[in-house]
Amino acid sequence: PTIDYVVTKFPRFPFDKFTTANRSLATQMKATGEVMSIGRTFEESLLKSIRSLENKVNHLELKSLKNKTLDELMDFISLHTDERIFASGEAFRKGVNVDDIYMLTKIDRFFLEKLVNIVKFEDELINNKLSIDVLKRAKKMGFADSYIAGVWQMTELEVYELRKANNIYPVYKIIDTCAAEYDAYVPYFYSTYESLNESIRTDKKKIVVLGSGPIRIGQGVEFDYTTVHAIWAIREAGYEAIIINNNPETVSTDYTVSDKLYFEPLTFEDVMNIIDYEKPEGVVVALGGQTAINLASRLDKVGVRIFGSSAKSIDLAEDRKLFEEAMEEINIPMPKGFGVFSVEEAIDAANTIGYPVLVRPSFVLGGRMMHIVYDQEVLVEKVTEAVQFDSEHPVLVDKYVAGQECEVDAICDGTDVFIPGIMEHI
C-alpha cells in the first residue's frame, strides 16, 4: 500500500490510580486501554500519542526521572516498566548512545534513533527562544505547545497566540483507505504541519463533540455510547457533526458515524486548532467524561461556546469547594469538610473535623485518589499525592460518615427533570 503516514499506539496503564502496583511488564495484561495517533513521521506520531495519554505528560520526559543518575537510569531501563521509553529519552539526554540502549532493551535501533532526534531538537528549542523558524520545526516534529511554553518560560496560551500571529497552523490529511489506487474522500483526518489541507470545510453549521480519549478505570464505554448518540441527534437536527477522539477501540472513532472524524489528542492545543479551522457553532463537552470536562473551562475562557452543561455548571459540580458552597446555599446538609491546597491545611482540617476523614481531589472519576484516612501519617501521604496531581483545584477533606449510599441519574432541560435510574450502593 502507498502509505504516507505513521500510526502509533500507546497503552494506557492505570498506575496513576494504583501507585503502589508492580509496574513491571511481562505477559500479564496491565493496560486498561490505548491511544492512537497519526503523523507524517515517527517522531510526530509518538509525541502526539504521549500527550493523548492524559497523564499530565506532554513530551518524552518524566519529572520523576530527572534527578536519577546515569547508572540509576540504566538499571531502571532494565526493569521493563511502562516508563522505560521515558527513561531511555532521559538516558540519551545524559549522553548514552543508541547501542547501549539497544543491548539493554533490544528495541530496534530505528526507533531509538528517532528518540535521539527528539532529544537533540530539544537543545535547539532551548538555545533559540522565540525563534519562529525553530517553532515551525518543533511543531512539524510534534512538540506540544505546552512543552514549548515550559522551555521558553511562557504560558501555553502565549505559544498558541504566537503561532496564530505567525500563521503557524496544522493542516489536516486524509487517511487514504484505498492506498492511492483510487480517488477516495474519507472524512477521517489527522493533523500535521505541512501546506496542503485535505479536510474540505463546508458552509454547513457544525457542532463538535469531544470524545473521552483512552479507556481507563472510571471512564469507559458509557462515554463512547453517549458520544455516538449525540452525533446521531446532531445530524438528525441538520447540523454537520464532528468528533474529536483518539481511542481506536471505540465506536465514536468509526469514521462512518460522524460527518468528520479528527483522530487527534484531546488537549487544548489540538482541539483549538480544529475549532479555529472548522469554526463550529459550539462544542459538546459533557459527554466525553473527565477528558472533555477538563477542557471546558479553558475553551470557555477563549470564547468557545459550550453546548449542554456550561463551563460554570461543570466547575460547580467538579470543584469540591464550589459544590460544598452550593449545597450550603440551598440548605442541603453535608458532612463537615474543608477545601485545602496544602498538606498543612489538610492537617488543620482533619484535626478540626476529627478522624476518620474522606480525602477527595477535584475533577476526577472512578474513585481515583479518594481515600478514607484514619491518621495523620496516611493523610500527609494521600494529600501530597492529590496536590501533586492537581495544584489548581482544592482537595476536599470531609468527615467520613458510614451509612447507606444511593446514586440518582437525572437529566434536566431547564424545566423538567427526567430520572432514568436510582441505584443503591451495597
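Since this is a predicted model, take the numbers as computed values, not measurements. The numbering scheme is per chain: residues are counted from 1 as the chain's sequence reads. Only residues with pLDDT of at least 70 get local features here, since the model is predicted, and only at 80 or more are side-chain atom pairs given and counted; chain-wide, interface and lining totals rely on the full set of residues. Hydrogens and waters are ignored; side-chain quantities use all the structure's heavy atoms.

**Student:** Now, about the overall build of the chain: what can you tell me, with residues and values included?
**Tutor:** In this text, helices come from DSSP runs of H or I with a minimum length of four residues, and strands from runs of E with a minimum of two, each type numbered from the N-terminal end. Helices and strands together make up the secondary structure of the chain, namely 15 helices and 15 strands. Radius of gyration here is computed from C-alpha atoms only, and the compact-globule reference equals 2.2 Å multiplied by the residue count raised to the power 0.38. For a compact globule of 426 residues, the expected C-alpha radius of gyration is about 22 Å, and the chain comes in at 23 Å, within 12% of that figure. Overall size of the chain, expressed as C-alpha extent along the three principal axes, is 65 × 60 × 45 Å. Here, residues are in contact when the closest pair of their heavy atoms is within 4.5 Å. Counting only contacts in the chain whose residues sit at least 6 apart along the sequence, the fraction spanning at least 24 positions is 61%. In short, Shrake-Rupley with a 1.4 Å probe defines the accessible areas, and a residue's cover is counted only from the protein chains shown. Carbon and sulfur atoms make up 53% of the accessible area of the chain, which amounts to about 21400 Å² in all. Positive and negative side-chain charges in the chain, numbering 46 and 68 respectively, have mean positions lying 4 Å apart. As used throughout, the charge tally considers Lys and Arg to be positive and Asp and Glu to be negative, leaving His and the chain termini uncounted. By convention, the charge on Lys lies at NZ, on Arg at CZ, on Asp at CG and on Glu at CD.

**Student:** Any details on the packing of helix 14 (residues 343–353) against helix 15 (residues 376–389)? Residues and values, ideally.
**Tutor:** Working note: a packed helix pair is described by the angle between its axes plus the distance between those axes. Axes here mean lines fitted to C-alpha atoms, for a helix over just the part in contact, with angles spanning 0 to 180 degrees between N-to-C directions. Running from N to C, helix 14 and helix 15 cross one another at 140°; their axes reach a closest spacing of 9 Å. Comparing their axes, helix 15 and helix 14 come out oblique. The chirality of how helix 14 crosses helix 15 is right-handed. Residues V343, A346, I347 and A350 of helix 14 pack against Q376, L379, V380, V383 and T384 of helix 15. A class-by-class count of the residues in the contact of helix 14 with helix 15 yields seven nonpolar, two polar and no charged. Put simply, angles under 35 degrees are roughly parallel, angles over 145 are roughly antiparallel, angles from 65 to 115 are roughly perpendicular, and the rest are oblique. A crossing counts as left-handed when the near helix is turned anticlockwise from the far one by less than a right angle, and as right-handed when that turn is clockwise. Ten residues, namely Ala, Val, Leu, Ile, Met, Phe, Trp, Tyr, Cys and Pro, are considered nonpolar, four, namely Asp, Glu, Lys and Arg, are considered charged, and the remaining ones, Gly among them, are considered polar.

**Student:** Lay out the packing of aromatic side chains in plain terms, naming residues and giving numbers.
**Tutor:** When we look at a pair of aromatic rings, we describe it by the centre distance and by the angle of the planes. Only the six-membered ring of Trp is used, alongside the rings of Phe and Tyr, when aromatic pairs are assigned; centres must lie within 6.5 Å, and planes under 30 degrees apart are stacked while those over 60 apart are edge-to-face, with the rest tilted. Scanning all chains against the criterion turns up 13 aromatic pairs. Seen from their ring centres, F143 and Y147 are 5.7 Å apart, and the 65° between their planes marks the pair as edge-to-face. Ring centres 5.8 Å apart and planes at 70° place the aromatic pair Y160 and F268 in the edge-to-face group. One end of the pair, Y160, is in helix 8 (residues 156–165); the other, F268, is in helix 10 (residues 268–278), and 108 residues separate them in sequence. Residue exposure (1.4 Å probe, protein chains only): buried if accessible area is under 20% of the type maximum, exposed if over 50%, otherwise partly exposed. Using a relative accessible area of 3% as the deciding quantity, one classes F268 as buried. Three or more aromatic residues link up through ring pairs in this structure, and these residues are Y172, F189, Y262 and Y277. Over the ring of F268 we find R298; its NZ or CZ atom is 4.3 Å from the centre of that ring. We call a charge positioned above a ring when the Lys NZ or Arg CZ atom is no farther than 6 Å from the ring centre and deviates by at most 35 degrees from the ring normal.

**Student:** Any chance you could break down the pairing of strand 2 (residues 33–39) for me, citing the residues and the numbers?
**Tutor:** Among the seven residues that make up strand 2, seven are buried, leaving the element largely enclosed by the rest of the structure. Burial along strand 2 is two-sided: the residues G33, V35, S37 and G39 and E34, M36 and I38 are all buried. With seven bridges joining them, strand 1 (residues 6–12) and strand 2 adopt antiparallel strand pairing. Residue V6 lies in a different strand from strand 2, and its bridge partner there is G39. Pairs of strands are assigned from DSSP output, requiring at least two bridges between the strands.

**Student:** If you had to explain the pattern of salt bridges to someone new, which residues and values would you point to?
**Tutor:** Where charged atoms from two side chains of opposite charge approach closely, those side chains can pair. One side-chain nitrogen of Lys or Arg within 4 Å of one carboxyl oxygen of Asp or Glu is enough to make a salt bridge. Counted under the stated rule, the structure contains 27 salt bridges. The salt bridge partner of D145 is K139, with a shortest N-O separation of 2.8 Å. Taken as a pair, D145 and K139 share a single burial class, namely buried. K382 serves as the salt-bridge partner of E381, at 3.4 Å between the closest nitrogen and oxygen. Assessed through its relative accessible area of 17%, K382 is described here as buried.

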